[in-house]
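Working through the structure, step by step
Each chain, written out:
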Amino acid sequence: YDISLGLVGSEMCIRDSPLSEEERINFVDKRFQEADTLEKAIRRLVLLTLTSPRFLYPDTSFDETTRNHWSKSASLAMTLWDSLPDAELIRRSKAGSIKNPKAWEEQARRMVWDRRTRDKLNGFFHHWLELDRADEVSKDSKLFPEFSEKVMSDLRISLDLFLEQTIWTGHSNYKNLILADYLFLNSQLSDVYGDGKDQSGFQKVSLPPQNRAGVITHPYLLTSFAYHNNTSPIHRGVFLTRNIVGIALKPPPAATAFKDSDFDPKLTMREKVTELTRSKACMACHSMINPLGFSLETFDAIGRHRDKELNKAINDDSELSTDEGTKIQIRGPRDVAEFAANSPVAHRAFVRQLFHHFVKQPTAAYGPDTLDNLQKHFTDTNFNVSELLVKIATVTAQTDQP
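If you're wondering where the values come from, they're calculated on a predicted model, not measured in any experiment.

This paragraph deals with the overall build of the protein chain. Assigned secondary structure in the protein chain consists of 20 helices and 6 strands. Dimensions of the protein chain, computed from the C-alpha atoms along their principal axes, are close to 80 × 50 × 45 Å. Taken across its 402 residues, the protein chain has 50% of its residues classed as buried. For the protein chain, the share of sequence-separated contacts (at least 6 apart) that also reach a separation of at least 24 residues comes to 66%. Of the roughly 20,000 Å² of accessible surface on the protein chain, 52% is carried by carbon and sulfur atoms.

Moving on, we get to the packing of aromatic side chains. In total, this model carries 17 aromatic pairs according to the counting rule given. Plain terms: the ring middles of F125 and W128 are 6.2 Å apart, the flat faces sit at 45° to each other, and that makes the pair tilted. On the criterion of helical spacing, the pair formed by F125 and W128 is a turn pair, its members being 3 residues apart in helix α9 (residues 115–128). What makes W128 buried here is its relative accessible area of 1%. Taken together, F124, F125, W128, Y174, F350, F378 and F383 form an aromatic cluster joined through their ring pairs. Above the face of the W81 ring, R116 is positioned so that its terminal group lies 3.6 Å from the ring centre. For K204, the ring lying beneath its charged end belongs to Y182, and the centroid distance is 4.2 Å.

Following both chains from N to C, one finds helix α6 (residues 69–81) and helix α20 (residues 385–398) inclined at 140°, their axes separated by 8 Å at the closest point. On the basis of the axis angle, α6 is oblique to α20. Crossing handedness for the pair α6 and α20: right-handed. Where α6 abuts α20, its residues K72, S75, L76, T79 and L80 lie against L389, I392, A393, T394, T396, A397 and Q398. Among the residues forming the contact of α6 with α20, the class breakdown is 6 nonpolar, 5 polar and 1 charged.

A few words on the pattern of salt bridges. Scanning the entire structure with this criterion turns up 24 salt bridges. R306 serves as the salt-bridge partner of E309, at 3.7 Å between the closest nitrogen and oxygen. One connected set of salt bridges, linked through shared partners, spans E21, R24 and D29.

It is worth spelling out helix α10 (residues 149–168) at this point. Under the 1.5 Å per step criterion, the end-to-end length of α10 is 28 Å for 20 residues, consistent within 8% with the ideal 28 Å. Looking at α10, one finds that the buried residues are V151, M152, D154, L155, S158, L159, F162, L163, T166, I167 and W168. Looking one or two residues past α10, G170 carries a phi angle of roughly 65°, positive in sign.

Take the nonpolar core next. Within the largest apolar cluster, 89 residues are counted, with the highest numbers of intra-cluster contacts made by L129 and F350. In this view, L129 contacts L159, L163, V215, L221, F225, F239 and N243; residues no more than four positions away in its chain are not counted. Core analysis: the second largest hydrophobic core is formed by 10 residues, V238, L249, F263 and I289 among them.

Turning our attention to the pairing of strand β1 (residues 182–185). Judged by which residues are buried, β1 turns out to be covered on both faces: Y182 and F184 on one side and L183 and L185 on the other are all buried. When β1 meets strand β2 (residues 203–206), the two strands line up antiparallel, connected through 4 bridges. By the bridge assignment, F184 is partnered in β2 with K204.

In this model, the protein chain carries a mean pLDDT of 87, and residues with pLDDT of at least 70 account for 90%. Mean pLDDT across the elements of the protein chain bottoms out in helix α2 (residues 9–12) (38) and peaks in helix α13 (residues 219–224) (98). Here residues 60–67 scores under 50 on pLDDT; set against residues more than four positions off or in separate chains, the count is 18 contacts.

Criteria and cut-off values
- Residues numbered from 1 in each chain as written.
- Predicted model: local features only at pLDDT ≥ 70, side-chain atom pairs only at ≥ 80, totals over all residues.
- Heavy atoms only, no water.
- Helix = DSSP H or I, 4+ residues; strand = E, 2+ residues; numbered from the N terminus.
- Buried < 20%, exposed > 50% of the residue type's maximum accessible area, 1.4 Å probe, protein only.
- Contact = heavy atoms within 4.5 Å.
- Areas by Shrake-Rupley, 256 points an atom, 1.4 Å probe, with all protein chains shown as cover.
- Phe/Tyr/Trp six-rings, centres within 6.5 Å; stacked < 30°, edge-to-face > 60°.
- Lys NZ or Arg CZ within 6 Å of the ring centre and 35° of its normal.
- Axes fitted to C-alpha atoms, helices over the stretch in contact; angles between N-to-C directions.
- Parallel < 35°, antiparallel > 145°, perpendicular 65-115°, else oblique.
- Left-handed = near helix turned anticlockwise from the far one by under 90°.
- Nonpolar A, V, L, I, M, F, W, Y, C, P; charged D, E, K, R; others polar.
- Salt bridge = Lys/Arg side-chain N within 4 Å of Asp/Glu carboxyl O.
- Expected span 1.5 Å × (residues − 1).
- Core = buried A, V, L, I, M, F, W, Y, C linked by side-chain atoms within 4.5 Å.
- Pairing = 2+ DSSP bridges.
- pLDDT = per-residue confidence, 0-100.

Following this line, the structure appears as C-alpha coordinates:
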(Lines give C-alpha, C1' and ligand atoms only; values in the text may rest on other atoms or scores of the structure.)
Protein backbone atom coordinates (compact mmCIF):
# COMPACT_ATOMS: atom_id res chain seq x y z
CA TYR A 1 0.00 0.00 0.00
CA ASP A 2 2.87 2.38 0.77
CA ILE A 3 4.35 1.57 -2.63
CA SER A 4 0.98 2.23 -4.20
CA LEU A 5 0.76 5.66 -2.60
CA GLY A 6 4.22 6.50 -3.92
CA LEU A 7 3.27 5.36 -7.40
CA VAL A 8 0.18 7.51 -7.57
CA GLY A 9 2.27 10.44 -8.77
CA SER A 10 -0.73 12.05 -10.42
CA GLU A 11 -1.72 13.37 -7.00
CA MET A 12 1.24 12.85 -4.69
CA CYS A 13 3.73 14.73 -6.88
CA ILE A 14 1.77 17.98 -6.65
CA ARG A 15 1.04 18.10 -2.94
CA ASP A 16 2.27 16.65 0.36
CA SER A 17 -1.14 15.69 1.76
CA PRO A 18 -2.51 12.13 1.91
CA LEU A 19 -4.95 10.89 -0.70
CA SER A 20 -8.56 11.69 0.02
CA GLU A 21 -10.95 8.79 0.59
CA GLU A 22 -12.38 9.20 -2.91
CA GLU A 23 -8.91 9.33 -4.47
CA ARG A 24 -7.78 6.27 -2.56
CA ILE A 25 -10.78 4.30 -3.81
CA ASN A 26 -10.41 5.44 -7.44
CA PHE A 27 -6.65 5.31 -7.78
CA VAL A 28 -5.67 2.45 -5.49
CA ASP A 29 -8.42 0.21 -4.11
CA LYS A 30 -10.21 -0.14 -7.42
CA ARG A 31 -7.09 -1.57 -9.09
CA PHE A 32 -6.73 -4.25 -6.42
CA GLN A 33 -10.42 -5.11 -6.44
CA GLU A 34 -10.51 -5.65 -10.20
CA ALA A 35 -7.26 -7.61 -10.54
CA ASP A 36 -7.06 -11.29 -9.71
CA THR A 37 -3.42 -11.10 -8.56
CA LEU A 38 -1.38 -8.60 -6.56
CA GLU A 39 1.20 -8.40 -9.33
CA LYS A 40 -1.43 -7.50 -11.93
CA ALA A 41 -2.94 -4.84 -9.64
CA ILE A 42 0.40 -3.15 -9.12
CA ARG A 43 1.16 -3.27 -12.84
CA ARG A 44 -2.17 -1.61 -13.62
CA LEU A 45 -1.54 1.03 -10.95
CA VAL A 46 1.89 1.81 -12.38
CA LEU A 47 0.46 2.00 -15.91
CA LEU A 48 -2.34 4.30 -14.75
CA THR A 49 0.19 6.61 -13.15
CA LEU A 50 2.65 6.70 -16.05
CA THR A 51 -0.05 7.46 -18.60
CA SER A 52 -1.85 10.07 -16.51
CA PRO A 53 -1.67 13.59 -18.00
CA ARG A 54 -0.96 14.85 -14.49
CA PHE A 55 2.15 12.67 -14.40
CA LEU A 56 3.29 13.47 -17.94
CA TYR A 57 2.54 17.20 -17.77
CA PRO A 58 2.97 19.21 -14.56
CA ASP A 59 -0.40 20.61 -13.53
CA THR A 60 0.00 24.33 -12.79
CA SER A 61 -3.67 25.28 -12.89
CA PHE A 62 -4.03 26.20 -9.22
CA ASP A 63 -5.42 29.28 -7.60
CA GLU A 64 -3.35 30.76 -4.79
CA THR A 65 -5.27 28.97 -2.04
CA THR A 66 -4.53 25.53 -3.48
CA ARG A 67 -1.04 26.26 -4.81
CA ASN A 68 0.74 25.04 -1.68
CA HIS A 69 4.37 24.67 -0.82
CA TRP A 70 4.68 21.23 -2.33
CA SER A 71 3.34 22.21 -5.74
CA LYS A 72 5.76 25.15 -5.89
CA SER A 73 8.63 22.93 -4.82
CA ALA A 74 7.73 20.39 -7.49
CA SER A 75 7.63 23.17 -10.08
CA LEU A 76 11.08 24.46 -9.09
CA ALA A 77 12.58 20.99 -9.30
CA MET A 78 10.89 20.19 -12.60
CA THR A 79 12.01 23.47 -14.17
CA LEU A 80 15.65 23.37 -13.05
CA TRP A 81 16.32 19.65 -12.78
CA ASP A 82 13.63 17.75 -14.71
CA SER A 83 13.33 15.83 -11.47
CA LEU A 84 11.80 15.73 -7.99
CA PRO A 85 12.48 18.11 -5.07
CA ASP A 86 15.53 17.22 -3.01
CA ALA A 87 15.52 16.52 0.73
CA GLU A 88 16.20 20.15 1.64
CA LEU A 89 13.32 21.48 -0.42
CA ILE A 90 10.93 18.82 0.84
CA ARG A 91 11.91 19.51 4.46
CA ARG A 92 11.34 23.24 4.10
CA SER A 93 8.09 22.75 2.19
CA LYS A 94 6.62 20.44 4.79
CA ALA A 95 7.69 22.77 7.58
CA GLY A 96 6.06 25.69 5.77
CA SER A 97 9.25 27.71 6.15
CA ILE A 98 9.21 29.07 2.59
CA LYS A 99 6.55 31.73 3.01
CA ASN A 100 7.37 34.56 0.62
CA PRO A 101 8.77 35.15 -2.89
CA LYS A 102 12.22 36.00 -1.52
CA ALA A 103 12.42 32.63 0.24
CA TRP A 104 11.45 30.81 -2.96
CA GLU A 105 14.06 32.83 -4.82
CA GLU A 106 16.72 31.76 -2.31
CA GLN A 107 15.80 28.12 -2.85
CA ALA A 108 15.89 28.53 -6.62
CA ARG A 109 19.32 30.17 -6.39
CA ARG A 110 20.60 27.26 -4.32
CA MET A 111 19.21 24.78 -6.84
CA VAL A 112 20.66 26.62 -9.85
CA TRP A 113 24.16 25.75 -8.67
CA ASP A 114 23.35 22.05 -8.47
CA ARG A 115 24.98 19.77 -11.06
CA ARG A 116 21.54 18.89 -12.43
CA THR A 117 20.89 22.47 -13.49
CA ARG A 118 24.28 22.60 -15.17
CA ASP A 119 23.46 19.43 -17.08
CA LYS A 120 20.14 20.86 -18.21
CA LEU A 121 21.81 24.10 -19.30
CA ASN A 122 24.32 22.04 -21.27
CA GLY A 123 21.32 20.56 -23.07
CA PHE A 124 20.20 24.08 -23.94
CA PHE A 125 23.61 24.92 -25.37
CA HIS A 126 23.52 21.71 -27.38
CA HIS A 127 20.29 22.92 -28.97
CA TRP A 128 21.13 26.64 -29.21
CA LEU A 129 24.52 26.02 -30.84
CA GLU A 130 23.19 23.16 -33.00
CA LEU A 131 25.95 20.82 -31.81
CA ASP A 132 24.30 17.83 -33.49
CA ARG A 133 25.80 19.07 -36.75
CA ALA A 134 29.25 18.05 -35.54
CA ASP A 135 28.27 14.37 -35.57
CA GLU A 136 28.66 14.22 -39.35
CA VAL A 137 31.73 16.43 -39.78
CA SER A 138 34.41 15.23 -42.16
CA LYS A 139 37.16 17.18 -43.91
CA ASP A 140 39.27 16.66 -47.00
CA SER A 141 42.48 15.14 -45.63
CA LYS A 142 44.55 16.50 -48.51
CA LEU A 143 43.40 20.09 -47.91
CA PHE A 144 43.41 19.84 -44.12
CA PRO A 145 46.00 17.25 -43.04
CA GLU A 146 46.09 18.84 -39.56
CA PHE A 147 42.48 17.91 -38.93
CA SER A 148 41.42 14.60 -37.36
CA GLU A 149 38.74 13.06 -35.19
CA LYS A 150 41.04 13.67 -32.22
CA VAL A 151 41.22 17.38 -33.06
CA MET A 152 37.42 17.54 -33.28
CA SER A 153 37.10 15.73 -29.96
CA ASP A 154 39.52 18.16 -28.31
CA LEU A 155 37.62 21.09 -29.81
CA ARG A 156 34.43 19.83 -28.15
CA ILE A 157 36.24 19.72 -24.81
CA SER A 158 37.52 23.24 -25.52
CA LEU A 159 33.97 24.46 -26.17
CA ASP A 160 32.62 22.77 -23.03
CA LEU A 161 35.36 24.35 -20.94
CA PHE A 162 34.58 27.74 -22.46
CA LEU A 163 30.87 27.45 -21.64
CA GLU A 164 31.65 26.26 -18.11
CA GLN A 165 34.05 29.14 -17.55
CA THR A 166 31.66 31.74 -18.94
CA ILE A 167 28.50 30.73 -17.08
CA TRP A 168 29.66 29.24 -13.81
CA THR A 169 32.57 31.49 -12.88
CA GLY A 170 32.73 35.25 -12.54
CA HIS A 171 29.63 37.19 -13.52
CA SER A 172 27.83 34.52 -15.59
CA ASN A 173 27.47 37.18 -18.27
CA TYR A 174 25.64 36.31 -21.49
CA LYS A 175 27.68 38.91 -23.39
CA ASN A 176 30.88 37.01 -22.66
CA LEU A 177 29.44 34.07 -24.58
CA ILE A 178 29.80 36.09 -27.77
CA LEU A 179 32.51 38.63 -26.92
CA ALA A 180 35.23 36.60 -25.17
CA ASP A 181 38.62 36.73 -26.89
CA TYR A 182 40.04 33.46 -25.60
CA LEU A 183 39.97 29.74 -26.30
CA PHE A 184 40.88 26.71 -24.22
CA LEU A 185 43.73 24.96 -26.00
CA ASN A 186 45.92 21.94 -25.36
CA SER A 187 49.17 21.19 -27.15
CA GLN A 188 47.50 19.65 -30.19
CA LEU A 189 44.97 22.47 -30.61
CA SER A 190 47.67 25.07 -30.01
CA ASP A 191 49.56 23.72 -33.03
CA VAL A 192 46.47 24.24 -35.22
CA TYR A 193 44.71 27.26 -33.73
CA GLY A 194 47.14 28.96 -31.39
CA ASP A 195 50.78 29.92 -31.23
CA GLY A 196 52.13 26.38 -31.18
CA LYS A 197 53.29 26.61 -27.57
CA ASP A 198 53.43 23.40 -25.60
CA GLN A 199 50.45 23.33 -23.22
CA SER A 200 50.11 21.28 -20.07
CA GLY A 201 46.56 20.07 -20.62
CA PHE A 202 43.89 22.60 -21.57
CA GLN A 203 44.81 26.19 -20.82
CA LYS A 204 42.92 29.45 -21.30
CA VAL A 205 44.70 31.27 -24.12
CA SER A 206 43.92 34.90 -25.00
CA LEU A 207 43.96 35.73 -28.70
CA PRO A 208 43.77 39.00 -30.67
CA PRO A 209 40.20 40.30 -30.15
CA GLN A 210 39.72 40.86 -33.88
CA ASN A 211 40.42 37.15 -34.43
CA ARG A 212 38.04 35.61 -31.89
CA ALA A 213 34.58 36.43 -30.54
CA GLY A 214 33.18 33.81 -28.16
CA VAL A 215 31.03 31.03 -29.56
CA ILE A 216 30.69 32.93 -32.85
CA THR A 217 34.27 32.08 -33.78
CA HIS A 218 34.89 28.93 -31.79
CA PRO A 219 36.59 26.45 -34.15
CA TYR A 220 34.20 23.65 -33.16
CA LEU A 221 31.24 25.61 -34.55
CA LEU A 222 33.12 27.09 -37.50
CA THR A 223 34.13 23.55 -38.48
CA SER A 224 30.57 22.25 -38.09
CA PHE A 225 29.09 25.04 -40.23
CA ALA A 226 31.38 24.43 -43.19
CA TYR A 227 31.77 22.06 -46.12
CA HIS A 228 34.32 19.26 -46.17
CA ASN A 229 36.59 21.26 -48.46
CA ASN A 230 35.61 24.89 -47.97
CA THR A 231 33.77 27.39 -45.82
CA SER A 232 30.01 27.93 -46.00
CA PRO A 233 28.94 31.55 -45.51
CA ILE A 234 25.31 30.50 -45.96
CA HIS A 235 25.31 27.88 -43.18
CA ARG A 236 27.29 30.14 -40.88
CA GLY A 237 25.10 33.13 -41.75
CA VAL A 238 21.85 31.27 -41.13
CA PHE A 239 23.15 30.11 -37.73
CA LEU A 240 24.18 33.63 -36.74
CA THR A 241 20.90 35.13 -37.95
CA ARG A 242 18.60 32.71 -36.14
CA ASN A 243 20.53 31.78 -33.03
CA ILE A 244 22.87 34.66 -32.21
CA VAL A 245 21.21 37.76 -33.68
CA GLY A 246 17.77 36.29 -32.96
CA ILE A 247 15.97 37.08 -36.23
CA ALA A 248 13.57 34.53 -37.72
CA LEU A 249 14.01 33.53 -41.34
CA LYS A 250 11.26 32.50 -43.71
CA PRO A 251 11.65 29.22 -45.61
CA PRO A 252 13.15 29.91 -49.06
CA PRO A 253 10.59 29.97 -51.90
CA ALA A 254 12.67 27.30 -53.64
CA ALA A 255 15.62 25.39 -52.26
CA THR A 256 18.82 25.99 -54.22
CA ALA A 257 21.69 23.61 -53.61
CA PHE A 258 25.21 24.98 -53.61
CA LYS A 259 27.27 23.10 -56.21
CA ASP A 260 30.88 24.14 -56.16
CA SER A 261 31.49 22.60 -59.58
CA ASP A 262 29.04 25.07 -61.16
CA PHE A 263 31.37 27.99 -60.49
CA ASP A 264 34.66 29.18 -61.90
CA PRO A 265 37.36 27.69 -59.63
CA LYS A 266 39.09 31.08 -59.59
CA LEU A 267 36.18 32.60 -57.63
CA THR A 268 36.38 32.94 -53.86
CA MET A 269 33.61 31.44 -51.75
CA ARG A 270 32.21 34.92 -51.15
CA GLU A 271 32.06 35.56 -54.89
CA LYS A 272 30.32 32.24 -55.46
CA VAL A 273 27.66 32.86 -52.78
CA THR A 274 27.09 36.39 -54.06
CA GLU A 275 26.47 35.01 -57.54
CA LEU A 276 24.19 32.24 -56.24
CA THR A 277 21.98 34.54 -54.16
CA ARG A 278 21.88 37.70 -56.25
CA SER A 279 18.19 37.35 -57.28
CA LYS A 280 15.64 39.59 -55.56
CA ALA A 281 13.76 36.57 -54.15
CA CYS A 282 16.92 35.24 -52.52
CA MET A 283 18.02 38.60 -51.13
CA ALA A 284 14.83 38.94 -49.10
CA CYS A 285 16.64 36.77 -46.53
CA HIS A 286 20.23 36.81 -47.79
CA SER A 287 20.51 40.55 -47.20
CA MET A 288 20.81 39.42 -43.56
CA ILE A 289 22.41 35.98 -44.03
CA ASN A 290 25.22 36.91 -46.41
CA PRO A 291 26.78 39.82 -44.45
CA LEU A 292 26.84 37.72 -41.28
CA GLY A 293 28.26 34.71 -43.09
CA PHE A 294 30.85 36.78 -44.94
CA SER A 295 32.06 38.21 -41.62
CA LEU A 296 33.48 34.75 -40.82
CA GLU A 297 35.36 34.26 -44.09
CA THR A 298 38.62 34.99 -42.27
CA PHE A 299 38.22 31.45 -40.85
CA ASP A 300 38.72 28.41 -43.05
CA ALA A 301 36.71 25.18 -43.06
CA ILE A 302 38.34 23.95 -39.83
CA GLY A 303 38.12 27.30 -38.05
CA ARG A 304 41.70 28.50 -38.48
CA HIS A 305 42.25 32.20 -38.93
CA ARG A 306 43.40 33.18 -42.41
CA ASP A 307 44.06 36.35 -44.38
CA LYS A 308 43.82 35.06 -47.95
CA GLU A 309 41.83 32.70 -50.15
CA LEU A 310 43.16 31.71 -53.57
CA ASN A 311 45.92 34.28 -53.01
CA LYS A 312 43.27 37.00 -52.72
CA ALA A 313 42.87 39.09 -49.58
CA ILE A 314 39.80 38.06 -47.60
CA ASN A 315 36.95 40.58 -47.78
CA ASP A 316 34.79 40.32 -44.66
CA ASP A 317 33.18 43.76 -44.94
CA SER A 318 29.43 44.02 -45.57
CA GLU A 319 26.37 46.10 -44.91
CA LEU A 320 23.74 44.45 -42.74
CA SER A 321 20.05 45.28 -43.24
CA THR A 322 18.04 44.82 -40.05
CA ASP A 323 14.30 44.20 -39.69
CA GLU A 324 13.93 47.83 -38.61
CA GLY A 325 15.33 49.00 -41.95
CA THR A 326 18.62 50.31 -40.56
CA LYS A 327 21.96 49.65 -42.22
CA ILE A 328 24.89 48.46 -40.12
CA GLN A 329 28.46 48.23 -41.36
CA ILE A 330 29.99 44.85 -40.57
CA ARG A 331 33.76 44.47 -40.72
CA GLY A 332 34.55 41.04 -39.40
CA PRO A 333 33.27 38.86 -36.55
CA ARG A 334 33.95 41.38 -33.80
CA ASP A 335 31.37 43.75 -35.29
CA VAL A 336 28.82 40.92 -35.42
CA ALA A 337 29.56 40.07 -31.79
CA GLU A 338 29.20 43.68 -30.66
CA PHE A 339 25.94 44.04 -32.58
CA ALA A 340 24.44 40.87 -31.08
CA ALA A 341 25.72 41.59 -27.57
CA ASN A 342 23.97 44.95 -27.51
CA SER A 343 20.81 44.05 -29.45
CA PRO A 344 17.53 43.85 -27.46
CA VAL A 345 16.23 41.57 -30.24
CA ALA A 346 19.08 39.13 -29.61
CA HIS A 347 18.55 39.36 -25.84
CA ARG A 348 14.85 38.63 -26.23
CA ALA A 349 15.49 35.64 -28.47
CA PHE A 350 17.98 34.19 -25.97
CA VAL A 351 15.55 34.63 -23.06
CA ARG A 352 12.71 33.07 -25.05
CA GLN A 353 14.76 30.05 -26.12
CA LEU A 354 16.19 29.49 -22.63
CA PHE A 355 12.70 29.66 -21.09
CA HIS A 356 11.28 27.18 -23.57
CA HIS A 357 14.12 24.71 -22.98
CA PHE A 358 13.73 24.76 -19.21
CA VAL A 359 9.94 25.01 -18.92
CA LYS A 360 8.90 23.16 -22.10
CA GLN A 361 6.25 25.83 -22.61
CA PRO A 362 6.17 29.17 -24.43
CA THR A 363 6.43 32.25 -22.24
CA ALA A 364 2.88 33.29 -23.25
CA ALA A 365 1.54 30.27 -21.33
CA TYR A 366 2.48 32.14 -18.15
CA GLY A 367 0.97 35.46 -19.07
CA PRO A 368 1.29 38.06 -21.85
CA ASP A 369 3.89 40.10 -19.93
CA THR A 370 6.15 37.22 -18.93
CA LEU A 371 8.68 37.61 -21.74
CA ASP A 372 8.86 41.39 -21.25
CA ASN A 373 9.41 40.98 -17.52
CA LEU A 374 12.08 38.33 -17.98
CA GLN A 375 13.92 40.43 -20.54
CA LYS A 376 13.85 43.43 -18.22
CA HIS A 377 15.19 41.30 -15.37
CA PHE A 378 17.92 39.99 -17.68
CA THR A 379 18.96 43.54 -18.53
CA ASP A 380 18.73 44.76 -14.92
CA THR A 381 21.04 41.96 -13.71
CA ASN A 382 23.66 42.82 -16.33
CA PHE A 383 22.73 39.81 -18.46
CA ASN A 384 23.48 37.29 -15.74
CA VAL A 385 22.47 33.84 -17.05
CA SER A 386 22.34 32.09 -13.67
CA GLU A 387 20.11 34.84 -12.27
CA LEU A 388 17.87 34.53 -15.33
CA LEU A 389 17.46 30.84 -14.52
CA VAL A 390 16.48 31.75 -10.95
CA LYS A 391 13.87 34.16 -12.29
CA ILE A 392 12.48 31.64 -14.78
CA ALA A 393 12.14 29.01 -12.05
CA THR A 394 10.39 31.30 -9.58
CA VAL A 395 8.08 32.75 -12.23
CA THR A 396 6.88 29.30 -13.28
CA ALA A 397 6.52 28.14 -9.66
CA GLN A 398 4.37 31.08 -8.60
CA THR A 399 2.42 31.99 -11.73
CA ASP A 400 -0.88 30.33 -12.57
CA GLN A 401 -0.83 28.94 -16.07
CA PRO A 402 -3.97 29.90 -18.04
